[in-house]
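Descriptive analysis of the structure
Chain residues, written in single-letter form:
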Amino acid sequence: MGNKGKIELMAPAGSFEALRAAINSGADSVYFGVEQLNMRARSSINFTIEDLPIIGAICLEKQVRTYLTLNTIIYDHDLTLIKTLLNASKEANITAVIAMDQAVIAYARQIGMEVHISTQINVTNLETVRFYAMFANTIVLSRELSLKQVKQICTAIEKEEIKGPSGRLVEIEIFGHGALCMAVSGKCYLSLHSHNASANRGACKQNCRKKYIVIDQESGFEVELENEYMMSPKDLCTIDFLDKIIESGVKVLKIEGRGRSPEYVATVIKCYREAIDTCKQGTFTEEKIALWMEKLKTVYNRGFWSGYYLGQKLGAWSKTPGSQATQKKVYIGKGVHYFPKTNVAEFKIEAYGIEKGDSLLITGPTTGVREMELGGMFVNDKPDEKAKKGDSCTITTNFRVRPSDRLYKIIKN
């Protein structure tokens, strides 16, 4: 990016719904996986190679940068697929590949595709940055670094004019929000040991998110670990010190979450977009931070902590399993038809009922994520304030609704 104080907001995309949500919410770039050679091969839907031209066209039209994630361990039998994916990505105008294996890096450089170094490589010092600058324009630093260490690296890049293959100064990227792994930069072997499912091949079974009993093998005495899930870190959140991150010289802020829902992507990206913009405008305040934090709590999270950026030596562990989100979505029905002249959408109610005043969520591959409060509606062609399972209802919207769209009701937990 090159502009002092400017930072790129990168969003996760595990589906077309999430991709649209990211774009509509203000992301500068998106990252995604194709097929199975990425670190979210099991937890997200993932795109196919046939989707690449569509992704490239959608994002090119919106001037959003696109990053293909190919950051798993690579074996010999993967090499043909790797080359096929990189060739297809290059042809589809995908901006760059996020890689950790030297075979991926080498082939991407061979065909003239921009390379970003994955956090899986665990870059923790300037000399390693200098080495990978021979191959990559952007480098994701290890998640275990403090913000002070990050700033030292960013400052040295400018001072020593360390440049990537593009001829521009190397850009530093860090994770800003989302799930954290108990292992150093995600290099965990628990899942491989217990289920023969390698986390380093994108097939993590998330052993760390479960509850355990400790047994003394000599006496047989058992202790149930009730106070916390001692291997399950809380989610990273940096929005309350985002101004310091920008001041450090970081150029790309990455939001984790390719395995999470489209509304998660929409909510988190909107909050961080607003926060970045207010930092630029000089209106970044404690009051706004409090509002963003409350909004971030409404979508999937395991509780929040600041990671290692502020100098903590140990992780902050979750005390409950799963999400601590303050609200959830309940499936209601699907889109049937849209009447553009009157801006009216027709839905078929297939599950639970809805009534006037409900908070609704509409998602779809083209629609992305839209939220609205239900005002008046027609139910089975008559004005009504309630609709139940089996009913057909029409609602006025300020956006187009498609037959592929799903209707949800948002309920506070």
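Our subject is the structure that appears above.
None of the values given here were measured: they were computed from a predicted structure. (Residues numbered from 1 in each chain as written. Predicted model: local features only at pLDDT ≥ 70, side-chain atom pairs only at ≥ 80, totals over all residues. Heavy atoms only, no water.)

1. Observations concerning the side chain of Ser146
Counted only if it meets this: Here a strand is any run of E in DSSP of at least two residues, a helix any run of H or I of at least four, and the numbering for each starts at the N terminus. In what follows, residue pairs with any heavy atoms lying within 4.5 Å of each other are defined as contacts.
Take Ser146: it is sitting in the loop between β6 (138-140) and α6 (147-160). When sequence neighbours within four positions are dropped, the list of residues in contact with Ser146 reads Tyr308 and Tyr309.

2. Some points on the packing of aromatic side chains
We apply this condition: Between rings of Phe, Tyr and Trp, where Trp is taken as its six-membered ring, a pair exists when centres lie within 6.5 Å; planes separated by under 30 degrees are stacked, by over 60 edge-to-face, and by other angles tilted. Partly exposed describes any residue whose relative accessible area lies between the buried limit of under 20% and the exposed limit of over 50%, with all areas from a 1.4 Å probe on protein chains only and scaled to the type maximum. Placement of a positive charge over a ring is assigned whenever Lys NZ or Arg CZ falls within 6 Å of the ring centre and within 35 degrees of the normal to the ring plane.
Going through the model one piece at a time under the given rule, you end up with eight aromatic pairs. For the pair Tyr331 and Tyr408, a centre-to-centre distance of 5.7 Å together with 70° between the ring planes defines the contact as edge-to-face. Of this pair, Tyr331 sits in strand β15 (residues 327-339) while Tyr408 sits in strand β24 (residues 406-412), and the two are 77 residues apart along the sequence. Given the relative accessible area of 12%, Tyr408 is considered buried. Among the aromatic residues, those joined into a cluster by ring pairs are Phe16, Phe32 and Phe47. In this structure, Lys329 packs its charged tip against the face of Tyr408, placed 4.4 Å from the ring centre.

3. Overview of the pattern of salt bridges
Here is the rule we go by: The term salt bridge refers to a side-chain nitrogen of Lys or Arg lying within 4 Å of a carboxyl oxygen of Asp or Glu.
By the definition in use, this model includes 14 salt bridges. The shortest N-O distance in the salt bridge between Arg130 and Glu160 comes to 2.8 Å. You can see Arg130 sitting in helix α5 (residues 126-132) and its partner Glu160 sitting in helix α6, a full 30 residues away along the chain. Take Arg130: its relative accessible area is 31%, and that puts it in the partly exposed class. A salt bridge links Glu350 to Lys334, with the shortest nitrogen-to-oxygen separation between them at 3.6 Å. Of this pair, Glu350 sits in the loop between β16 (344-349) and β17 (354-355) while Lys334 sits in strand β15, and the two are 16 residues apart along the sequence.

4. Notes on the nonpolar core
To keep it simple, the criterion reads: For the purposes of this section, nonpolar cores are sets of buried Ala, Val, Leu, Ile, Met, Phe, Trp, Tyr and Cys residues that join through side-chain atoms within 4.5 Å.
In terms of nonpolar packing, the biggest core is built from 94 residues, with Leu86, Leu141, Ile172 and Tyr272 touching the most fellow members. Leu360, Ile362, Met372 and Val379 belong to the second-largest nonpolar core, a separate cluster that totals 18 residues.

5. A word on the pairing of strand β12 (residues 252-255)
Just so we agree on the cut-off: A strand pair is defined by DSSP finding two or more bridges across the two strands.
Along β12, one buried face is formed by Val252 and Lys254 and the opposite face, lined by Leu253 and Ile255, is buried too. As paired strands, strand β1 (residues 8-12) and β12 are joined by three bridges and run parallel to one another. When the sheet's bridge partners are listed, Met10 is paired in β12 with Lys254. Here strand β7 (residues 171-178) runs beside β12; their pairing, made up of four bridges, is parallel. Bridge pairing in β12 links His177 to Ile255.

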